[in-house]
2 protein chains.
Amino acid sequence: MLIRDATKRDIQFIVKLVRQMVDYHQMIDKYYKVYSNYDYREIRDHYELLIKDRNTKIIIAEENKKVIGYFMGTIEKAPQYVNPKRTGVIFDAFIEKKYRKQGIGKKIFKELLEWFKKKKIKHIELTVDARNKIGIRAWKKFGFFDFRLKMRLDL
Amino acid sequence: MLIRDATKRDIQFIVKLVRQMVDYHQMIDKYYKVYSNYDYREIRDHYELLIKDRNTKIIIAEENKKVIGYFMGTIEKAPQYVNPKRTGVIFDAFIEKKYRKQGIGKKIFKELLEWFKKKKIKHIELTVDARNKIGIRAWKKFGFFDFRLKMRLDL
């Protein structure tokens, strides 16, 4: 098991994990787009830009030359209603199902945390589907707490 | 008790309610900005623009010529990861403390809902602080459910 920064060559594998994330959310709620409604090239180009971005860090876990998980963190301008000027945001975090519960996510997260600290970030935010109990439990273990809740009404 | 659309003359009163909302959040969490760090003119100008905007509706409750509560709804481009093209968003909702539990919020909400329906909106979203139990309970009564949870870690 190797934990390392993502390179351009990893993008094709990352996109496969993105697909699994999209499919998972579509299973929770049909409100989310199905993967076939995404533009593959757009996703690929998006990650290509992110890999080059100094304010973004993509860390992957590699096993037998296969990317089996990754986390992506970005530094953003904080919303105007809060005190800090900048905030860290974890946009993606995914470990392939059969590789879960082995502490791989924790290892990737630790690396990402070091990077945020080096960048002098004091607060990290992330958004999960409110019905994704597994995800919420995992983030709580890492020290995250419930900050803001988006509610929805379907007419 | 009068429920009606906000006009430019109401803005000075709305800003007072905004202040109460800001103070409430600052009490929950020091992460939120204190009101004194807001620019009063900026807030006023912001609401002046919103009142003129065809895709925004501000509905107020008036008692003895005083604005004692208001809701603000806007129509936005939906995020790219969901199916609908447009979504309704309730950005502000506030009733002065001593006027609560009298169904005033419900009356305003009903008006706003009619407006969203006229605009062919099928989904309404809003965000509350995850620790604002009173707010969450009220929105659940109106039929809203937990959709997305933003979590935070302070380093």
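Use the structure listed above.
The structure displayed is predicted, hence computed values, not measured ones.

A look at the nonpolar core
Y70(A), F71(A), Y70(B) and F71(B) are the most contacted members of the largest nonpolar core, which has 68 residues in total. Leave out the neighbours within four places in its chain, and Y70(A) touches A6(A), I14(A), L17(A), I58(A), I59(A), I60(A), D92(A) and F94(A).

Description of the packing of helix α1 (residues 11-28) of chain B against helix α2 (residues 40-52) of chain B
All names here are of chain B. Following both chains from N to C, one finds α1 and α2 inclined at 120°, their axes separated by 10 Å at the closest point. Relative to α2, the element α1 is oriented oblique. Once α1 is placed against α2, the crossing between them reads as right-handed. Between α1 and α2, the residues in contact are I11, I14, V15 and V18 and I43, R44, Y47 and E48, respectively. Of the residues contributing to the contact of α1 with α2, the split by class is six nonpolar, no polar and two charged.

Here we look at the interface of chain B and chain A
Contacts between chain B and chain A engage 33 residues on the former and 33 residues on the latter. Those elements that place two or more of their residues in the side of chain B that touches chain A are β5 (123-129), α4 (133-141) and β6 (145-154) of chain B. Ranked by residues supplied to the side of chain B that touches chain A, first place goes to β6(B) with ten residues. Looking at the side of chain B that touches chain A residue by residue, the class counts come to 19 nonpolar, four polar and ten charged.

Quick look at the sheet that holds strand β4 (residues 86-95) of chain B
If you walk across this open sheet you meet the twelve strands as β1(A)-β2(A)-β3(A)-β4(A)-β5(A)-β6(B)-β6(A)-β5(B)-β4(B)-β3(B)-β2(B)-β1(B), and the pairing is mixed. Pairing within the sheet leaves two strands with one partner each, and these edge strands are β1 (2-5) of chain A together with β1 (2-5) of chain B. Across the sheet, the axes of successive neighbouring strands diverge by a mean angle of 25°, strand direction being ignored. Each of β5 (123-129) of chain A together with β6 of chain B is contacted by helix α4 (residues 133-141) of chain A, which is oriented at about 165° to β5(A), the strand it contacts most.

Scoring rules and cut-offs
Residues numbered from 1 in each chain as written. Chains lettered and ligands numbered in written order. Predicted model: local features only at pLDDT ≥ 70, side-chain atom pairs only at ≥ 80, totals over all residues. Core = buried A, V, L, I, M, F, W, Y, C linked by C-beta atoms within 7 Å. Buried ≥ 20, exposed ≤ 12 C-beta atoms within 10 Å, placed from the backbone. Contact = placed C-beta atoms within 7 Å. Axes fitted to C-alpha atoms, helices over the stretch in contact; angles between N-to-C directions. Helix = DSSP H or I, 4+ residues; strand = E, 2+ residues; numbered from the N terminus. Parallel < 35°, antiparallel > 145°, perpendicular 65-115°, else oblique. Left-handed = near helix turned anticlockwise from the far one by under 90°. Nonpolar A, V, L, I, M, F, W, Y, C, P; charged D, E, K, R; others polar. Pairing = 2+ DSSP bridges.

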